[in-house]
Amino acid sequence: SCKSSKREWKPLEDHSCTDVPWLLLFIVFCVGMGFICGFTIATGAAARLLSGYDSYGNICGQKNVKVEGIVNSGLDLTQKKYVFFLDPCNIDIVHQKIKSLALCVSACPRKELKTLADVQKFAETNGSTLCSYELQPSEYTTDPRAAKLCPKYPVPESAPIPFFHRCAPVNISCYAKFAEALITFVSDSSVLHRLISGVMTSKEIIMGLCLLSLVLSMILMVIIRYISRVLVWILTILVILGSLGGTGVLWWLYAKQRMSASAVETQIAKENLQALLIYAISATVFTVVLFLIMLIMRKRVALTIALFHVAGKVFIHLPLLVFQPFWTFFVLILFWAYWITVLLFLGTTGSPVPNEEGFVEFRMVGPLKYMWWYHLVGLIWISEFILACQQMTVAGAVVTYYFTREKRNLPFTPILASVNRLVCYHLGTVAKGSFIITLVKIPRMILMYIHTQLKGKENACARCMLKACICCLWCLEKCLTYLNQNAYTATAINSTNFCTSAKDAFVILVENALRVAAINTVGDFMLFLGKVLIVCSTGLAGIMLLNYQRDYTIWVLPLIIVCLFAFLVAHCFLSIYEMVVDVLFLCFAIDTKYNDGSPGREFYMDKVLMEFVENSRKSMKEAGRGGGAEGRELKPM
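Bear in mind that the values here come from a model prediction, so they are computed numbers and not experimental data.

K.L.:
Go over the environment of Arg-463, please, and point to the residues and values.
P.N.:
In this fold, Arg-463 is placed in helix H12 (residues 460-494). The exposure class assigned to Arg-463 is partly exposed, which follows from its relative accessible area of 32%.

K.L.:
Tell me what's going on with the side chain of Ser-501, and back it up with residues and numbers.
P.N.:
On the secondary structure map, Ser-501 appears in helix H13 (residues 498-511). When its relative accessible area of 0% is taken as the criterion, Ser-501 is described as buried.

K.L.:
How would you sum up the pattern of salt bridges? Please name residues and give values.
P.N.:
With the rule as written, the count across this model stands at 5 salt bridges. The salt bridge partner of Lys-441 is Glu-477, with a shortest N-O separation of 2.6 Å. Of the two residues, Lys-441 sits in helix H11 (residues 414-453) while Glu-477 sits in helix H12, which places them 36 residues apart along the sequence. Here Lys-441 matches Glu-477 in class, with each residue buried.

K.L.:
Any chance you could break down the state of the cysteines for me, citing the residues and the numbers?
P.N.:
Counting across every chain of the model gives 3 disulfides. The side chain of Cys-108 participates in a disulfide bridge whose partner is Cys-167; the two sulfur atoms lie 1.9 Å from each other. Here Cys-108 and Cys-167 share a disulfide; its torsion about the S-S bond, -80 degrees, makes the bridge left-handed. Placement of Cys-108 in the loop between strand S4 (102-105) and helix H3 (116-126) and of Cys-167 in strand S6 (residues 167-169) is noted, with a sequence separation of 59 residues between them. Using a relative accessible area of 4% as the deciding quantity, one classes Cys-167 as buried. Here Cys-131 is linked by a disulfide to Cys-150, with a sulfur-sulfur distance of 1.9 Å. Across the S-S bond linking Cys-131 and Cys-150, the dihedral sits near 115 degrees, which makes this disulfide right-handed. Remark: Cys-150 occurs in the loop between helix H4 (146-149) and strand S5 (158-160) and Cys-131 occurs in the loop between H3 and H4; sequence separation between them is 19 residues. Like Cys-131, the residue Cys-150 is buried in the burial classification.

K.L.:
Outline the packing of helix H10 (residues 371-402) against H11, listing residues and values.
P.N.:
Each pair of packed helices gets described by two things: the angle between the helix axes and the distance between those axes. One way to put it is that H10 packs onto H11 with a least axis distance of 5 Å and a crossing angle of 140 degrees. Classified by the angle their axes make, H10 and H11 are oblique. Relative to H11, H10 is oriented so that their crossing is right-handed. For the contact of H10 with H11, the per-class residue count stands at 19 nonpolar, 8 polar and 3 charged.

What counts and what doesn't
Residues numbered from 1 in each chain as written. Predicted model: local features only at pLDDT ≥ 70, side-chain atom pairs only at ≥ 80, totals over all residues. Heavy atoms only, no water. Helix = DSSP H or I, 4+ residues; strand = E, 2+ residues; numbered from the N terminus. Buried < 20%, exposed > 50% of the residue type's maximum accessible area, 1.4 Å probe, protein only. Salt bridge = Lys/Arg side-chain N within 4 Å of Asp/Glu carboxyl O. Disulfide = S-S within 2.5 Å. Axes fitted to C-alpha atoms, helices over the stretch in contact; angles between N-to-C directions. Parallel < 35°, antiparallel > 145°, perpendicular 65-115°, else oblique. Left-handed = near helix turned anticlockwise from the far one by under 90°. Nonpolar A, V, L, I, M, F, W, Y, C, P; charged D, E, K, R; others polar.

See below:
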C-alpha cells in the first residue's frame, strides 16, 4: 500500500535543483572542449585549414616564420592565396590525402595547360607560378629540374574551393579511383555515372517524396490512436497463423518423409527424418508457450491500446510535441558541425616536423596528442546530453498533461514550461544520465574498432568473444537508455535526483513487469508497422512517379534515398510517440498505485484509461467472487 512506502509521489508539487555537482562537471568538460577549439585557433590550425598551406609549412596569403631545416619555409606569400597541387589526382586512398607537392599560387589555372610552355605562358600572363618556388618562369622549359618541380601535365582546369582556398580540378573524373574505393559495389564507372545522373535529374521528385514522408508521419501520429486496436488484431492473427502454419508444415513434412523413408533406408534419410522430428517438436513447444503467453498477456494488450489512444490525445493538446524531433535534430546538426570543424582544426594543429620526403607535416607531441580522445568523448557525451534533454522535455510536458486534472488549466505552452523546468532545475540529472550511456558506448566503440582492425587476423574464438562482448554492451546500453528515460520521468514528477528517480522508476517497472512486456512488444510492433506503412507508401508513390519518367536510365538509387529518408523521418516521429506512451505508462502505474478513486484520492487518468481500470476491477471481482473488492482492486501486475 501507499502508506508503507518510504516516500509518497507528489506530482508537480515542488521543484528543486537536482544533481548540481554533475552539472558543474559537465560545464567544466564543455569548457575543456572550448579550450581545444581555442588552442587549435591560437596555434594557427584554423588559419592553416581555411587559408591552406604548402608542403614547406607556409600558410598561403600571409607572411610566415622560418622552420629550421626546411628550405623554402618562412616566405612572404601575401599575394599567393591559393593552394595548388602539382599532381592533384595522386590520391593516397589508405590515408585519404593527396600525395603531391603543394604550393601557394596567386591564381588557379582556369583552363587546361597541356605543356610546360603553356605553364610558362600562364605564369607570365597571370603572374601565378605553378612550379616550385626555386624555379623562375623563364627556367620552366630549360631547367632539367622542371620535370620534378613543375606540375604533371596536362594540368587540369581548376577552380578555387569556396572558403578553403584550394585549387580543385573542375572535372572530377581523376577522382574516379577514390570514388570507387569508397563505393566498392560499383565496379563500372558508367553505372556510377548513370546512378548519379538519375539522382540529379530526379531531385525535384526526391524532395517531393521526402516531404510526403514527413506529412505521412505527422498524419500517422494523429490517427494511430484510432487504428491501434486494428493493428493489434492484425498482429495477433499473423502470429497465430504463422506459428500454427509453421508447426503444421513441419509435422506434414515429417509424416511425408517417414512414409517415403520406409522404402529407402539410408543414413542420410534417417538423419533428415530425425532432424525434422526435432524441428517439429521444437515448433510445437514454441507454439504452445506462445499461446500461453498470449493468453496471459491478453488483458495487458488492452492497456497498450488505451495508452496509444491517450497518446493521440496528448499530441492534440500539445501540438508542439510534433516538432520536437526538428529542434533536437537542428541542435545536433549545429553541434556536429562544430565538432567536425574542430576535428579538422586538430588535423592541422601541432608543431612543424619534416617527414621522410623532406616536406613539413604538423604533429602534436606530448600530452596534447590525447586531445583527440577528449574530443571524441565530447562527441558522445554532448550528443547523448542533447538527446536526453529531448527525453526530459517530452517527459516534463506529458507529466504536466497527465497530472493536471482540468485540461483547461494546462500552461499555455507545456513544452516551453517543461524546457524552463529542465534548464532551471534538472540539467545535472540529464548530464549524469547521458554520462552513464557514454560510459557504456565508449568500450563498445573501442571493441568494434579492434574487431574491424583484426578482421581476418584473429582466430574464431577471439572473434566470437569480441562479438559477444559487443552484443552484451549493446544490450546493456539499450536497457540503461530505457531506465534513464523512466528516471527522467520520475524526476519530472517528483523533482528527485537521478539515482533516486532511477530506483523509484525501477521499482514501479518491476511491479508492472507483465504490462511493461506487453507495451514493449505489442506497442513496438505497432510502431514498426507504422514505419513500414510510411516507407511502403512513400516507395509506392516513388515507383509510380519515377516509372513515368522515361528519361531516367536508373532510378533505383533515387528510390533507395527516398525510402531511407522516409524510414528516418518515420523513426524520429514515432520514437517521440513511443516516448510519450512510456511516460504515460509510468504516470498511469504511479496513479493506480497511490490512488484508488475514493474521495481525496481521485485518479488523474483519462477516461479511456478509467474504462480500462473499471473493466479490470469487474474481471477481478468475478474471478475473486467479490473477495478482491476490499483492498487494492488494481494492484500493479
